[in-house]
Amino acid sequence: MCGIVGYTGKRAAMPVLISGLKKLEYRGYDSAGIAVTSDDGILIRKQSGKVAGLAEIVEQEDGMLAEAHTGIAHTRWATHGPPTTLNAHPHEGNEGRVVLVHNGIIENHNDLRNRFKAQGHTFKSDTDSEVLAHLVESHYQGDLLEAVTAALKEVEGTYGITCMAKDEPGVLVVARSGSPIVIGLGDDETIVASDASAIITYTRQAIYLDDNDIARIEGSKVDIRSLDKGAVSRTPSEIDWSPGAAEKGGYEHYMLKEIFEQPEAISNTIRGRIDLNRGTAILSGLNLSPRELVAIQRLLIVGCGTSMNAGLIGEYAVEDFAAIPAEVEQAAEFRYRNPIVGSRDMVLAISQSGETADTLAAVREAVEKGSLVAALVNVVGSTIARETSRGIYLHAGPEISVASTKAFTSQVSTLLMIALKFARAHRLSREQGIKIAKEIERIPELVEAVLKTNDQISEVAAHYAHYNNAFFIGRGYMYPVALEGALKLKEISYIHAEGYHAAELKHGPIALLEESMPVIALLNEGPGQEKTLSNVAECKARSAPVLGVITEGDEEARAACDHVIEIPSCPQYSSVVPAAVALQLLSYHIARIRGCAIDQPRNLAKSVTVE
Ligand code: AGP
């Protein structure tokens, strides 16, 4: 949830650190800071506000800040203490001999703070991270690796850290438990970061640290050990993102770029995974034979936010195609309610980042309960991906905008393939499987068709941008789409939007309907559409403006609404994707018209790595 960058090597560190922070700013952006070491000691610059403000200061300085070859930097999403300059990272120990940046939560920070206060330490900030800096320094006797190792053995909580010591210029020590750290391996240089987007400019060879790993880095020399197992070897992997992939590519916002990337992203997700001959999906990452698949009696899907909404579509598809029970649970709820799961169940964790703390905790609980556990993740090498022995990577490419779009539609496409695979191990015939497989392969072209109506959607958005409330309603597969559409509008336009089952409106919420309460209705063809048409009539009868997402050419549905967005004709199970894309564009344009910070909405972060 914060962005960390570290550098040591042949280049001047400051430009590498600042450009890295800019790439990671989507992870948190309420304050930022940088520290460098050289033979002249440690220099720190930090302030509240975005990275651009910090860059303005440091890029004007010469001397040590411009010449140092080793440094660390941080962009923050506040968890302990408000986003002030004093709370910004880097933080130093009591005597200023050690400095570090931290992502995560030190749960025993109060006890440690009290211990050090009793020893006469003074603290400058309210943060748990500063306490960690004091702890490392309290163990420092000239070897930073040993000091960090000793300190982390006293820590309870999560961390991704990068540390430096005044007496060891040129050396970085990094460690992780619960918050990601990637090490980029260069020629006479090494760059570390919270994720690969800050690294690919310099190298594609990366090592993803495991929990409890700690590494000493000097120039291009990287020594990794485990806190509990001693020396370990970690195999570098190739970062397959193109350099431009993590840039905006000419779009005004990352969100719009990622919306328009969806045909390609979904094609990448599907590629090599549809077998039109056998009418099934090829998901080798699940590592399950048909015999093992058919033995699974229930599928439990866990996730948060948009990933949970995708899971709901997966629930509908698995029960619809395979007729086996499936259910979705909010990951934190699953983790804390002592879930009833066992060896005949499969728990599927969905997470774009692969770092969401609640979802990671749910995975660990499911493992404890003896169920099969698999993950649906976008970020290669992420914690959830590495803690599950079965899984499917989305291959959707980096999703930078805080609001998830292409990851959602790639998740849904993958869930349709999972449902198909389960179904073919049960009662679905080869012919029926081929039919579904062909419809899944059509999804990218369905999305292309909606993207072509972007200008019309922008015009429709102008009629809805001034409202402060909205309902999204749908039935069947469209109910989770209504939930996701409402989440998108909420998180980027700050309009209070609620997703409701269309049939539920008359059980209370209809009391809110009036001309200032628009209703966005998922009215495209499918089971229950005529009932939703009746619900729309009930809305119109109470003066509520209605925007309908309809199947192209459906004149009855068009006549029932004040405005429409048309999507191509297709089965309801695949229409969820073009319908979702229509609502992504609607929310995007409403937020753009309202002048909102679309890629970095207030209070949000791309990956919520705290519970
Ligand atoms: C989606 O637009 C939100 N940014 C948020 O709900 C997100 O889906 C949620 O935090 C889960 O993130 P994950 O998929 O990385 O686990």
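The notes below deal with the structure included here.

Conventions and cut-offs
Residues numbered from 1 in each chain as written. Predicted model: local features only at pLDDT ≥ 70, side-chain atom pairs only at ≥ 80, totals over all residues. Heavy atoms only, no water. Helix = DSSP H or I, 4+ residues; strand = E, 2+ residues; numbered from the N terminus. Polar contact = N/O pair within 3.5 Å; in protein donor to acceptor, adjacent residues only side chain to side chain. Disulfide = S-S within 2.5 Å. Near = heavy atom within 4 Å. Areas by Shrake-Rupley, 256 points an atom, 1.4 Å probe, with all protein chains shown as cover. Salt bridge = Lys/Arg side-chain N within 4 Å of Asp/Glu carboxyl O. Phe/Tyr/Trp six-rings, centres within 6.5 Å; stacked < 30°, edge-to-face > 60°. Buried < 20%, exposed > 50% of the residue type's maximum accessible area, 1.4 Å probe, protein only. Lys NZ or Arg CZ within 6 Å of the ring centre and 35° of its normal. Expected span 1.5 Å × (residues − 1). Arc of directions from axis to C-beta. Contact = heavy atoms within 4.5 Å.

Checked against the element boundaries, serine 607 lands in the segment after α20 (572–593). Within the structure, the side chain of serine 607 is placed 3.3 Å from the side chain of serine 353, a separation counted as a polar contact.

Okay, the state of the cysteines next. Joining two cysteines, a disulfide is a covalent bond between their sulfur atoms. Summed over the entire model, instances satisfying the criterion amount to 0 disulfides. Residue cysteine 304 stays outside any disulfide, its sulfur separated by 18 Å from that of cysteine 2, the closest cysteine.

Taken together, 14 residues are adjacent to the ligand, and Ser307, Ser351, Ser353, Thr356 and Glu491 come closest. Side-chain polar atom of serine 307 to an oxygen atom of the ligand: 2.6 Å apart, as the coordinates give it. Within the side chain of threonine 356, one N or O atom sits 2.5 Å away from an oxygen atom of the ligand. About the coverage of the ligand: the protein hides 90% of its 410 Å² of free accessible area.

This part covers the pattern of salt bridges. As enumerated under the stated definition, the model contains 30 salt bridges in all. Here glutamate 439 makes a salt bridge to arginine 442, at a shortest N to O gap of 3.2 Å. Placement of both glutamate 439 and arginine 442 in helix α15 (residues 430–451) is noted, with a separation of 3 residues, approximately one turn of the helix. Of the charged contacts in the structure, one is a salt bridge between glutamate 445 and arginine 442, with a shortest N-O distance of 3.7 Å.

Right, let's get into the packing of aromatic side chains. Applying the stated criterion across every chain yields a total of 5 aromatic pairs. Here tyrosine 464 and tyrosine 467 contribute two aromatic rings whose centre-to-centre distance is 6.0 Å and whose plane-to-plane angle is 45°, an arrangement assigned as tilted. One exposure class covers both tyrosine 464 and tyrosine 467, and it is buried. Sitting over the ring of phenylalanine 116, arginine 115 keeps its end group 5.4 Å from the ring centre. The ring of tyrosine 494 carries the charged tip of arginine 602 above its face, separated from the ring centre by 3.8 Å.

A separate point is helix α10 (residues 305–322). Counted at 1.5 Å a residue, the expected span for α10 with its 18 residues is 26 Å, and the 25 Å between its end C-alpha atoms agrees. Of all 18 residues in α10, 13 are buried; the element is thus mostly enclosed. The positive-phi residue at the C-terminal boundary of α10 is alanine 323, with phi of around 55°.

Moving on, we get to helix α18 (residues 529–540). The terminal C-alpha atoms of α18 lie 16 Å apart, and with 12 residues this matches the ideal 16 Å at 1.5 Å per residue to within 8%. Those residues of α18 lying buried are Gln529, Thr532, Leu533, Asn535, Val536 and Cys539. For α18, the angular spread of buried residues about the axis comes to 160°, placing them on one side. Against β23 (469–474), β25 (519–522), β26 (546–551) and α19 (555–560) lie the buried residues of α18.

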